[in-house]
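# Structural description and commentary
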Amino acid sequence: MSVVVELQDVNKVYAGGEELHVLKNIRLAVKQGEFIAIVGPSGSGKSTLMNMIGMLDTPTSGTYRFEGVDVGELSDHRMAKMRSRKIGFVFQQFNLLPRLTALENVEVPMIYAGLSRKERRERAKRLLEELGLGERTGHRPGKLSGGQQQRVAIARALANEPSLILADEPTGALDTATGLEVLQILLRLNDQGHTVVLITHDPGIAANAKRVITMKDGEIVRDETNDLRL
C-alpha cells in the first residue's frame, strides 16, 4: 500500500509570552486504505495534528509529505489547491452553508475545482443518493436533522474524490444512535477503499478503527493495531 501521509520529526511551537510546544517529534505514516482513530485528552495535540495533516497549519520544524510531495516546499496557492482536491473534511458542527440546499452545499468544493455545472450536479446528486438523502437534495440545512446534515457534510467531503477523509469529532454533536449511523457510513467508505483519519474522544468510536493512535502532551504515546477490525 502506498503512503498517503508521512510526518517525520514534526514539531509545532506557538510563540508568545511563553513558548508552547503543542506537537513534539511526531512521526506518523498513514497508508492508503487505513482507518485511523486519534484519541487523547483535551490539550493533547490531536486537533493540531489533524490541522497539520489537513494542511491547515504548518510545522515549526520537521517534514510533512503528502503522497510523496513535501508540503513545506509548496506555495500557499499550491497547498490550498492540493488541500481542496486531495482532502475531504468532516467537522463536528457540519459547517454547511445555511442558505444553500443540500445539493448546492455538496457542489461547493467542485466549483472551486473547476467542474462544469452539469458534472457538479450529477456527482452531488449521486453522492447524496448513496448516503440515503436522495429525497432531501432540495432541503436547506435548517430543514434537516443533525444526522442528515452530517451526511450532507460527508457527501461534500467526497465531492472531489479525495485521497484522504479527515473527520474531526464527526459524531460529537449527535445523539448516540445517529452517531453510530454516521460511524457506519465512515466504515463503509473505508471498506470501499477510502483512507480515513478520525479524531474522537469516545473510546467506543475509536474501537471501530483499524489503528488507534493515543496522544498525550503533544506526543504520540501509543500506536496500536486493532486486530478485531482486520
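Here the structure is shown first, and the text comes after it.
Everything quoted here is computed from the prediction, not taken from an experiment.

All right, on to the packing of aromatic side chains then. Inspection of the entire model under this criterion finds one aromatic pair. Ring plane angle 0° and centroid distance 5.8 Å describe the contact between Phe89 and Phe91, whose orientation is recorded as stacked. Given the relative accessible area of 28%, Phe91 is considered partly exposed.

Moving on to the sheet that holds strand S4 (residues 61-66). One open sheet accounts for four strands, arranged S2-S1-S4-S5; its pairing is antiparallel. Edge strands, defined here as strands with exactly one partner in the open sheet, are strand S2 (20-31) and strand S5 (69-70). Alignment of strand S1 (residues 3-14) against S2, held across eight bridges, turns out to be antiparallel. Pairing of Val3 across the sheet is with Lys31, part of S2.

Further remarks concern the pairing of strand S7 (residues 164-168). Here S7 lies mainly inside the structure; four of its five residues are buried. Sheet analysis places strand S6 (residues 87-91) next to S7, joined by five bridges and oriented parallel. Residue pairing in the sheet places Val90 in a bridge with Ala167 of S7. The pairing of S7 with strand S8 (residues 195-199) spans five bridges and is classified as parallel. Looking at S8, one finds that Ile165 is bridged to Val196. Running through helix H6 (residues 176-191), the crossover from S7 to the neighbouring parallel element S8 is right-handed.

Looking now at the packing of helix H5 (residues 146-158) against H6. Orientation of H5 relative to H6, taken along the N-to-C sense of each, is 20°, at an axis distance of 10 Å. Here H5 is positioned roughly parallel relative to H6, judged by the angle of their axes. Here the hand of the crossing between H5 and H6 comes out right-handed. Facing Gly147, Gln150, Arg151, Ile154 and Leu158 of H5, the residues of H6 in contact are Thr178, Val182, Ile185, Leu186 and Leu189. Grouping the constituent residues of the contact of H5 with H6 by class yields six nonpolar, three polar and one charged.

Criteria and cut-off values
Residues numbered from 1 in each chain as written. Predicted model: local features only at pLDDT ≥ 70, side-chain atom pairs only at ≥ 80, totals over all residues. Heavy atoms only, no water. Phe/Tyr/Trp six-rings, centres within 6.5 Å; stacked < 30°, edge-to-face > 60°. Buried < 20%, exposed > 50% of the residue type's maximum accessible area, 1.4 Å probe, protein only. Pairing = 2+ DSSP bridges. Helix = DSSP H or I, 4+ residues; strand = E, 2+ residues; numbered from the N terminus. Right-handed = clockwise from strand over helix to strand, strands pointing away. Axes fitted to C-alpha atoms, helices over the stretch in contact; angles between N-to-C directions. Parallel < 35°, antiparallel > 145°, perpendicular 65-115°, else oblique. Left-handed = near helix turned anticlockwise from the far one by under 90°. Contact = heavy atoms within 4.5 Å. Nonpolar A, V, L, I, M, F, W, Y, C, P; charged D, E, K, R; others polar.

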